[in-house]
Amino acid sequence: MLDTQTVEKPLTQVKSKADLRKELDAAGGWTVAQVEALFDLPFNELMHRAQETHKAYFPEGDVELATLLSIKTGGCPEDCGYCPQAARYDTDVKAEKLMGLEEVLEAAKAAKAAGSNRFCMGAAWREPKDRDIEKVTAMIKGVKALGLETCATLGMLEADQAQALSDAGLDFYNHNLDTSEDFYRSVISTRGYQDRLDTISHVRSAGMSVCCGGIVGMGESREQRAAFLTRLANLSPYPESVPINHLVPVAGTPLAEQKPLDPLEFVRTIAVARITMPKARVRLSAGRQELGRAVQAMCFLAGANSIFYGEQLLTTGNPEAEQDRELLAELGLKTKQSCKAEVLV
Ligand code: SAM
Ligand code: DTB
Ligand code: SF4
């Protein structure tokens, strides 16, 4: 848990955990109790149900490969307690300027050559300025012309900015809820949960697909993990892509000393995401290096069907591409690229 003494006052009115849970349960769809009950199932029963769902909705069982590029690194004004790119934390990340178009396109070409099907451009911004949007739209057009699916994660968006990205051909926008609404306030104070929901709603209204997930292993309880997945599953419609990050504790951030989550609890989280969001691509995201092969294999069994692919996430490491290809081959998993028939979301 973060030292709440160091966190500034939240921007929005503080509701109690019980009130938030009541609100969530009254909203329709999954209740927190139902999702908690899934978490509480005997492990084999949970895995069996996740497998059944996975096979019904993704009969090919293929894995999507998404490559990340940090197009604007570090110097972020936000205070997300996990993030090495927040300017206020003393980490090894140095602030850099927005990358040039050519450099981005070179990275996208390399990702495509390595077999990736989606290219996600990430920027350490609280929100982009309109002149940033102009530069990013040129990148989107260039990456799309290479035949890759495009994704961007640039922070909060206004409705017109979302529309400009969509008009440029952006397929997905990544903006995470990150955790449950009540735990959120002990991790981030510089923007509220509602701000995130508003951005997701602008992305939807602009006609783009939503990539939205979060981080587990930040010290949240199982109930809070269940409330987080309930939120995601009850978005209408739920996100097409759901990145589940395992916290990478980075020196200098408030969460640097956080103890890792029990790996079986991580696998359970993947299984519950699969059952509650059956048509979504559930992506194993940050923290795969630390999970190791056996836990990743269990995550695929639990219904994960997407990974970040390439040696680097944004500022932290990821398994070597060759290592991932070997793992998928050993598990007999096809990639989405190699697989023509796909169930459309
Ligand atoms: N600045 C934009 C934003 O916050 O929306 C985009 C980039 S931000 C780095 C994207 C996501 O990366 C965060 O929402 C969080 O889920 C994830 N992330 C950042 N640091 C992480 C860490 N140390 N471990 C795991 N996930 C992390
Ligand atoms: C997401 O949910 N995970 C990715 C992507 N969306 C942008 C980012 C993970 C970042 C991990 C820490 C880092 O490399 O800086
Ligand atoms: Fe900034 Fe995004 Fe990192 Fe938060 S997660 S500090 S908004 S780069």
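Let me begin by describing the structure that accompanies this report. (Residues numbered from 1 in each chain as written. Chains lettered and ligands numbered in written order. Predicted model: local features only at pLDDT ≥ 70, side-chain atom pairs only at ≥ 80, totals over all residues. Heavy atoms only, no water.)

### Side note on unusual backbone geometry
So, point 1. Of note, the amide linkage connecting S236 to P237 takes the cis form, showing an omega dihedral of 0°.
So, point 2. Within the secondary structure, P237 sits in the loop between α9 (222-234) and β7 (241-246).
So, point 3. Of note, the phi angle at D178 is positive, near 75°, even though the residue is not glycine.
So, point 4. Within the element layout of this structure, D178 appears in the loop between β4 (172-174) and α7 (181-184).
So, point 5. Its relative accessible area of 4% is what places D178 among the buried residues. (Helix = DSSP H or I, 4+ residues; strand = E, 2+ residues; numbered from the N terminus. Buried < 20%, exposed > 50% of the residue type's maximum accessible area, 1.4 Å probe, protein only.)

### As for the site of ligand 3
So, point 1. Taken together, C76, E78, C80, Y82, C83, A86, A124, W125 and R191 make up the full set of residues near ligand 3.
So, point 2. Of the residues contributing to the shell around ligand 3, the split by class is seven nonpolar, no polar and two charged. (Near = heavy atom within 4 Å. Nonpolar A, V, L, I, M, F, W, Y, C, P; charged D, E, K, R; others polar.)

### Points about a negative patch on the surface
So, point 1. Residues D130, E134, E158 and D160 make up a contiguous surface patch of negative charge.
So, point 2. Examined against the element boundaries, E134 turns out to sit in helix α5 (residues 130-145).
So, point 3. A residue is classified by how much of its surface remains accessible, and E134, at 59% relative accessible area, is exposed. (Patch = residues over 30% accessible without salt bridge, like charges linked within 9 Å, V, L, I, M, F, W, Y side chains within 5 Å. Areas by Shrake-Rupley, 256 points an atom, 1.4 Å probe, with all protein chains shown as cover. Salt bridge = Lys/Arg side-chain N within 4 Å of Asp/Glu carboxyl O. Lys, Arg positive; Asp, Glu negative; His and termini not counted. Charge placed at Lys NZ, Arg CZ, Asp CG, Glu CD.)

### With respect to the site of ligand 1
So, point 1. In the neighbourhood of ligand 1, 17 residues make up the surrounding shell, with Y82, T153, N176, D178 and V248 lying closest.
So, point 2. In the model, a nitrogen atom of ligand 1 is placed 3.0 Å from a nitrogen or oxygen of the Y82 main chain.
So, point 3. Separating a nitrogen atom of ligand 1 from a backbone N or O atom of V248 is a distance of 2.9 Å.
So, point 4. Classifying every residue of the shell around ligand 1 by side-chain character gives nine nonpolar, six polar and two charged. (Polar contact = N/O pair within 3.5 Å; in protein donor to acceptor, adjacent residues only side chain to side chain.)

### Remarks on the side chain of S306
So, point 1. Along the polypeptide, S306 turns up in strand β9 (residues 306-308).
So, point 2. Of note is the side chain of S306, whose polar atom sits 2.9 Å from the side chain of R283.
So, point 3. Setting aside residues no more than four positions away along its own chain, S306 makes contact with V63, E64, R281, V282, R283 and L284. (Contact = heavy atoms within 4.5 Å.)

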